[in-house]
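# Observations on the three-dimensional arrangement
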Amino acid sequence: MQFRSLGLGLAAAVALSGAPSWAADPSAEDLRVLVEDLQEEVSILRRKLEVNEEVQASKGPQPIAGAGADVEPVRTPDKSFDLRFRAYTHFDARYFAEEDDSNTDTFIFRRVRPIVEGTLGNVVDFRIMPDFANSTLVLQDAYVNLKYFPLANLQAGKFKGPFGLERLQSATAMTFVERALPTQLVPNRDLGMMLHGNWREGLIQYQLALMNGVSDGSSADVDSADGKDVIGRLFVHPFQDSATEWLSGLGLGVAVGVGETEAGVPAVYRSQGQATFFTYAAGTASDGQRFRWSPQFYYYYGPFGMLGEYVRSSQDLTRNGVDENFDNDAWQIALNYVVTGENASFRGVVPREDFAPGLGGWGAIEVAGRYHELHVDEDTFNTGFASILTSASDAKAWGVGVNWYLNRWVKLMLNYDRTSFDGGGGADGGDRPAESVVFLRWQLSY
């Protein structure tokens, strides 16, 4: 019907165009012949289009190119299949004060991560993210997620264990260059399966995972024992739909993890400058029950943000035929404020105006402060599972930072962190020298 209308319209246009010699006084027969000729040509064109569509369909889904978080993904016309290419890098400069000369001032690529993710048939998401930092290939994420039931997604592969609040925050959205000390006690990436979902657009979120199990702060690609970890997490936004706007940005959660280990590698704890300040004595292995729990929260209102969490990690260890259970804990409180007025959020800051000298745009500026501590069980040293001469029993840290968001892809971070220690001073005893470090980070994320 549309083609017939087009033909009649073209016929009328030609008839009135003045091109044919008889156009000034066309007869009905002339118009009839012209319309028939045009209709025949339109029929030929229509058939060519149908043939072309049949050829394209025989090739399967044909994507439309795109990349980056703000660009349309590679996508089939019916939008049931899509593919997105993303990446981010962290290039850091670290400068240490002279209090501890065991650290090295350096430039370093902290992260170099290309990302491929997408959706298959509207019901399966996938993500693959390697890391090439230090010219070493590490597979960070590789999983598929079945999302047929919105309230019960099923994810399988390698991903972050659903436990620590700051650990679950994307590395591109962090307020500080390095995560706080509580993250040293939580699992990083592991292999397993997870049932998860949310109700009423995030009012209630939950995760329930069965994973191989890893030591505090660790990642793993293989498992050498039958024991597995079960991790459950519940996070709610109790005032998300409240008319009281200043309460809507409150999020509260709790995470619990329990599992069994056998001849596992015990944890190692590191400072903000990534220096090791605690290790267990030689011959120590994790063997037996592992239990973690963590209450956590964040709060965002306009340009103001706050994040806090407490983590307690209990682990059965064995050494020289002696079995003991030790409890280590850590906590943090962090505040941030976007000076230029943009909204703060758990997912980071998006500047209203890009940095454009001469045009009045300067991006977004954020300031932040944080205090955090980590405590190792005193019995660890009393029973010989660690030496107070070489390992600190406590770490207490504070830091301040300024972040400049030039646009949504580029962020500059300047942090100062100072950490003091109890114990670990070496053969002469006393305390490990305090660590004072200045960080400068260039972040590219698209």
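Up top you'll find the structure we're talking about.
The structure contained in this document is the topic of the report that follows.

### Observations concerning empty space enclosed by the protein
Summary: where empty space remains is shown by rolling a probe the size of a single water molecule over the atoms. Applying the stated criterion to the full structure yields 3 cavities of 30 Å³ or more. Empty space within the largest cavity amounts to approximately 140 Å³. Along the walls of the largest cavity sit 18 residues, with Q169, T175, Y300, L307 and N336 positioned nearest its centre. Put simply, the parts of the chain that give the lining of the largest cavity at least two residues each are β14 (304-319), β15 (322-338) and β16 (364-375). With 4 residues, β15 is the single largest residue contributor to the lining of the largest cavity. Here the residues of the lining of the largest cavity sort into 9 nonpolar, 6 polar and 3 charged. As a volume, the second largest cavity reaches approximately 100 Å³. In terms of lining residues, the second largest cavity is bounded by 15 residues, among which D216, A267, Y280, Q315 and L317 are the most central. Of all the elements, β14 adds the most residues to the lining of the second largest cavity, at 4 residues. Of the residues that constitute the lining of the second largest cavity, the class distribution is 6 nonpolar, 6 polar and 3 charged.

### Concerning the packing of aromatic side chains
Applying the stated criterion across every chain yields a total of 18 aromatic pairs. Ring geometry for F235 and Y298: centres 5.1 Å apart, planes at 40°, overall tilted. Of this pair, F235 sits in strand β9 (residues 229-236) while Y298 is found in strand β13 (residues 285-301), placing the two residues 63 residues apart along the sequence. The two residues F235 and Y298 agree in class, both being buried. Here a set of aromatic residues connected by ring pairs shows up, and it is made of F235, Y298, Y300 and F346. The ring of F176 carries the charged tip of R370 above its face, separated from the ring centre by 4.1 Å. Taking NZ or CZ as reference, R432 lies 5.4 Å from the ring centre of F421, over its face.

### Regarding a negative patch on the surface
Negative charge collects at one region of the surface, where D226, E260, E262, D287, D323, E324, E378 and D379 lie side by side. Of all the secondary-structure elements, those providing two or more residues to the negative patch are β10 (250-264) and β15. Note that E378 resides in the loop between β16 and α4 (379-382). The exposure class of E378 is exposed, given its relative accessible area of 63%.

### Side note on the pairing of β13
On a regular strand, one side chain projects to one face of the sheet and the next to the other, so that they alternate. As defined by bridge partners, β10 adjoins β13 across 13 bridges and the pair is classed as antiparallel. Bridge assignment links V258 to a residue of β13, and that residue is F291. With 12 bridges connecting them, β13 and β14 associate as antiparallel partners. Bridge pairing in β14 links R292 to S313. Hairpin connection between β13 and β14: a loop of 2 residues separates the two successive antiparallel strands, and G302 in this loop has a positive phi of roughly 60°.

### Concerning the side chain of D216
Along the chain, D216 turns up in the loop between β8 (204-211) and β9. At 3.1 Å, the side chain of D216 and the side chain of R292 are in polar contact. Within the local environment of D216, its side chain forms a polar contact with the side chain of S313, the two groups lying 3.0 Å apart. What D216 contacts, discounting residues up to four positions off in sequence, is Q184, L185, V186, A267, Y269, R292 and S313.

### Things to note about the environment of T284
Tracing the backbone shows T284 in the loop between β12 (276-279) and β13. Taking the C-alpha atoms as reference points, T284 and P266, 18 residues apart in sequence, are found 7.0 Å from one another. Within the structure, the side chain of T284 is placed 2.8 Å from the backbone oxygen of A281, a separation counted as a polar contact.

### Some details on the pairing of strand β2 (residues 82-96)
Sheet topology places strand β1 (residues 74-75) next to β2; 2 bridges connect them, and they run antiparallel. Considered in β2, the bridge of R75 is made with D82. As judged from the 13 bridges shared by β2 and strand β3 (residues 106-120), these two strands associate in the antiparallel manner. Within β3, the position partnered with A87 by the bridge is P114. Bridge analysis of β2 against strand β19 (residues 435-445) gives 9 bridges, and the strand direction is antiparallel. Residue Y95 lies in a different strand from β19, and its bridge partner there is V438.

Definitions and cut-offs
Residues numbered from 1 in each chain as written. Predicted model: local features only at pLDDT ≥ 70, side-chain atom pairs only at ≥ 80, totals over all residues. Heavy atoms only, no water. 1 Å grid on protein atoms, 1.4 Å probe; cavity = no way out; pocket = protein on both sides within 12 Å on 5 of 7 lines; lining within 4 Å. Points joined across faces, edges and corners; volume = space filled by probe spheres on them. Helix = DSSP H or I, 4+ residues; strand = E, 2+ residues; numbered from the N terminus. Nonpolar A, V, L, I, M, F, W, Y, C, P; charged D, E, K, R; others polar. Phe/Tyr/Trp six-rings, centres within 6.5 Å; stacked < 30°, edge-to-face > 60°. Buried < 20%, exposed > 50% of the residue type's maximum accessible area, 1.4 Å probe, protein only. Lys NZ or Arg CZ within 6 Å of the ring centre and 35° of its normal. Patch = residues over 30% accessible without salt bridge, like charges linked within 9 Å, V, L, I, M, F, W, Y side chains within 5 Å. Areas by Shrake-Rupley, 256 points an atom, 1.4 Å probe, with all protein chains shown as cover. Salt bridge = Lys/Arg side-chain N within 4 Å of Asp/Glu carboxyl O. Lys, Arg positive; Asp, Glu negative; His and termini not counted. Charge placed at Lys NZ, Arg CZ, Asp CG, Glu CD. Pairing = 2+ DSSP bridges. Polar contact = N/O pair within 3.5 Å; in protein donor to acceptor, adjacent residues only side chain to side chain. Contact = heavy atoms within 4.5 Å.

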